[in-house]
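Here is what each chain is made of, one letter per residue.
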Amino acid sequence: MVQCWPTNAAVGIPIHPASPHTYPQRSGRGTVMRAAASPIAPLIRHRDASTPACRHLISATLNHLPDECPSMTPDALFSLNGKTALVTGGATGIGRMAAEGLMHAGARVLIASRKGEACEAVAAELNAIGCSGQAEGFAGDVSTEEGVNALAEAVNARCEALHILMNNAGTTWGAPLEEFPYKGFDRVFSVNVTGMFALTQRLLPLLRQAAHAEDPARIVNVGSVMGEIPMGDGAYSYAFSKSAVHQMTRILAKELAGDQITVNALAPGPFVSNMTAFATADENTRERVGDGVPVGRVGRAEDIAGSLQFLCGRGGSYVTGAVIPLSGGINVSTGPSIFERAREA
Ligand SMILES: NC(=O)c1ccc[n+]([C@@H]2O[C@H](COP(=O)([O-])OP(=O)(O)OC[C@H]3O[C@@H](n4cnc5c(N)ncnc54)[C@H](OP(=O)(O)O)[C@@H]3O)[C@@H](O)[C@H]2O)c1
C-alpha cells in the first residue's frame, strides 16, 4: 500500500491509506483516522497540533497528496457508484427526477409504486439514456401494512444491502375547510406518514448492511414546503402530513445516527408532476405558479438531482436531521415589512 502513496517531498512523510474505506482526507474526522497510521499522527495527537507550525506541516502534507487522491474531487464526493437505491413513487414527477439523478451519479435504482408496469416502463426508458447507473421497476404499495411488507420483501429479494432509501411516494386531498372529508385524512396519512414510517422500519436491516462510518446509509424523505409554513391551500391533511414527515425525519435522524444511517428530508416547493398537473401541466399556468415563487420559477429536475447527489454521496455523510428547503425561497417568504405602512404615511 505504502508504495502507491508517494513520500511528501517537502516534509519527507509517507502517505498511505489505512484501509480501503479510509481515503486520505484533507479535513474532518477522516484526516485524523488516516493520519493516525502515518508519522504525522504524533503531531496531530500532540497538543502542539494547534500551533501554526504544526498546522502548516499537516496542511503541507495533505496538500501534496497525488492528483488522483479521491477525497475532494466531485467524483469522490458525489459518485454513487456501487450503491443501490429504492425510490418509492419513482415512475412519475419528483420520484422520476430523483431516479434519473441517482442513476447519473452511478447508482442502481429500484423504482416501485402501485402501477408496476409503469415502473418497469420508466426503468426501461431511464436505462436507455445510457448513464452509468441502472434502473429496475416493479410494483409496490405503501398505503397498507400488507403492501409495505410485500414491498420490503421485493427489495430484499433484489439486494443484500440498501444504501439509499428515498421515501417519495405521496398523495394529497383538496377541499374547502368546511367540506374537508374525514376520509381525506386516512388516505393521505396512510401513504405519506404511516407508509413512510413502516417501510423505513422494515428496510432497516438492509440499510444497516450498507451503513459504514465512512459512508453511511441514507434515508431521504420527501416532505414539502407546505409542511414548513402555514399554507393550507385546501390540502389540509397533506400539509399536516408533511409536517409529520419533517418531524419523523428529525426523530429518526437522532435515533439512527449511531447506526451510521443519515435521515434527511427535502421540502420542495412547486415541481411539475401528476400531483400538480392542475397547475403545472399548461405552460401559462406553470409560469404563473413560477411568478409566485421568490426566485421566479418552478422547480427543475436538476434541483432534485443536485440535492440528492449531495445528500447521498460521501460529501453529504455528515448531514443528518436536515429538512432541505427546495422551494426557491417560498420557505422564507413573509409579508411586506411591518413598518412599510408607517413609512408611506
Ligand atoms: N410536485 C410538487 O410540487 C411537490 C411539492 C412538494 C412535495 N411533493 C411531494 O413529492 C412526492 C412526489 O409527488 P409528485 O409531486 O412527484 O407527484 P406524483 O407524480 O403524483 O407522484 C406521486 C407518486 O407516488 C406514487 N404513489 C402514490 N400512492 C402510492 C402508494 N400507495 N404506494 C406506492 N406509491 C404510491 C405514485 O405512483 P402510483 O400511482 O403508481 O402508485 C406516484 O408515482 C410526494 O411525496 C409529494 O407530496 C411534491
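Just so it is clear, the model here is predicted, and its values are computed rather than measured.

K.L.:
Can you break down the overall build of the protein chain residue by residue, with the values?
P.N.:
Counting secondary structure elements, the protein chain contains 13 helices and 9 strands. Taken over 345 residues, the protein chain has a buried fraction of 39%. Considering only contacts within the protein chain whose residues lie at least 6 apart along the sequence, 68% involve residues at least 24 apart.

K.L.:
So, the pairing of strand 8 (residues 261–268): which residues are in play, and what are the values?
P.N.:
Counting buried positions along strand 8 gives 8 out of 8 residues, so the element sits mostly inside the fold. The side-chain alternation of strand 8 yields two buried faces, one formed by I261, V263, A265 and A267 and the other by T262, N264, L266 and P268. Pairing of strand 7 (residues 217–222) with strand 8, which is carried by 6 bridges, proceeds in the parallel orientation. Residue N221 lies in a different strand from strand 8, and its bridge partner there is A265. Read as a crossover between parallel neighbours, the route from strand 7 over helix 9 (residues 236–256) to strand 8 is right-handed. Here 4 bridges tie strand 8 to strand 9 (residues 323–326), and the two strands are oriented parallel to one another. The residue of strand 9 that forms the bridge with A267 is P325.

K.L.:
Please set out the pairing of strand 5 (residues 134–139) residue by residue, giving values where relevant.
P.N.:
Where strand 4 (residues 108–113) and strand 5 come together, 6 bridges link them in parallel fashion. Bridge pairing in strand 5 links R108 to Q134.

K.L.:
Provide a residue-level description of the environment of L308, including the pertinent values.
P.N.:
Within the secondary structure, L308 is located in helix 12 (residues 301–312). A count of 30 C-beta atoms within 10 Å places L308 in the buried class. Spatially, the C-alpha atom of L308 lies 7.2 Å from that of A98, the residues being 210 residues apart in sequence. Setting aside residues no more than four positions away along its own chain, L308 makes contact with A98, G101, L102 and V220.

K.L.:
Explain the sheet that holds strand 4 to me, and be specific about the residues and the numbers.
P.N.:
If you walk across this open sheet you meet the 7 strands as 5-4-3-6-7-8-9, and the pairing is parallel. Taken across any chain shown, the strands that pair with only one partner, and hence form the sheet edges, are strand 5 and strand 9. Going across the sheet, the axis of each strand differs from the next one's by a mean of 20°, ignoring polarity. Across the sheet, helix 8 (residues 183–210) touches strand 3 (84–88), strand 6 (164–167), strand 7 and strand 8, and the angle it forms with strand 6 is around 170°.

K.L.:
Summarise the site of the ligand; cite the residues concerned and give the values.
P.N.:
If you check the shell around the ligand, you find 29 residues, and the closest are G89, G93, R114, G170 and S273. The element contributing the most residues to the shell around the ligand is helix 5 (residues 93–104), with 3 residues. When the residues that make up the shell around the ligand are grouped by side-chain class, the tally is 11 nonpolar, 15 polar and 3 charged.

K.L.:
Lay out the packing of helix 8 against helix 9 with the relevant residues and their values.
P.N.:
Two numbers describe how helix 8 lies on helix 9: the axes approach to 9 Å, and their chain directions differ by 15°. Compared by their axis directions, helix 8 and helix 9 come out roughly parallel. Every pair of crossing elements has a handedness; the one defined by helix 8 and helix 9 is right-handed. The segment helix 8 lies against helix 9, with G184, F185, V188, F189, N192, V193, M196, F197 and T200 engaging S237, Y238, S241, K242, A244, V245, M248 and L252. Here the residues of the contact of helix 8 with helix 9 are counted per class, giving 11 nonpolar, 5 polar and 1 charged.

About the thresholds
Residues numbered from 1 in each chain as written. Predicted model: local features only at pLDDT ≥ 70, side-chain atom pairs only at ≥ 80, totals over all residues. Helix = DSSP H or I, 4+ residues; strand = E, 2+ residues; numbered from the N terminus. Buried ≥ 20, exposed ≤ 12 C-beta atoms within 10 Å, placed from the backbone. Contact = placed C-beta atoms within 7 Å. Pairing = 2+ DSSP bridges. Right-handed = clockwise from strand over helix to strand, strands pointing away. Axes fitted to C-alpha atoms, helices over the stretch in contact; angles between N-to-C directions. Near = placed C-beta within 6 Å. Nonpolar A, V, L, I, M, F, W, Y, C, P; charged D, E, K, R; others polar. Parallel < 35°, antiparallel > 145°, perpendicular 65-115°, else oblique. Left-handed = near helix turned anticlockwise from the far one by under 90°.

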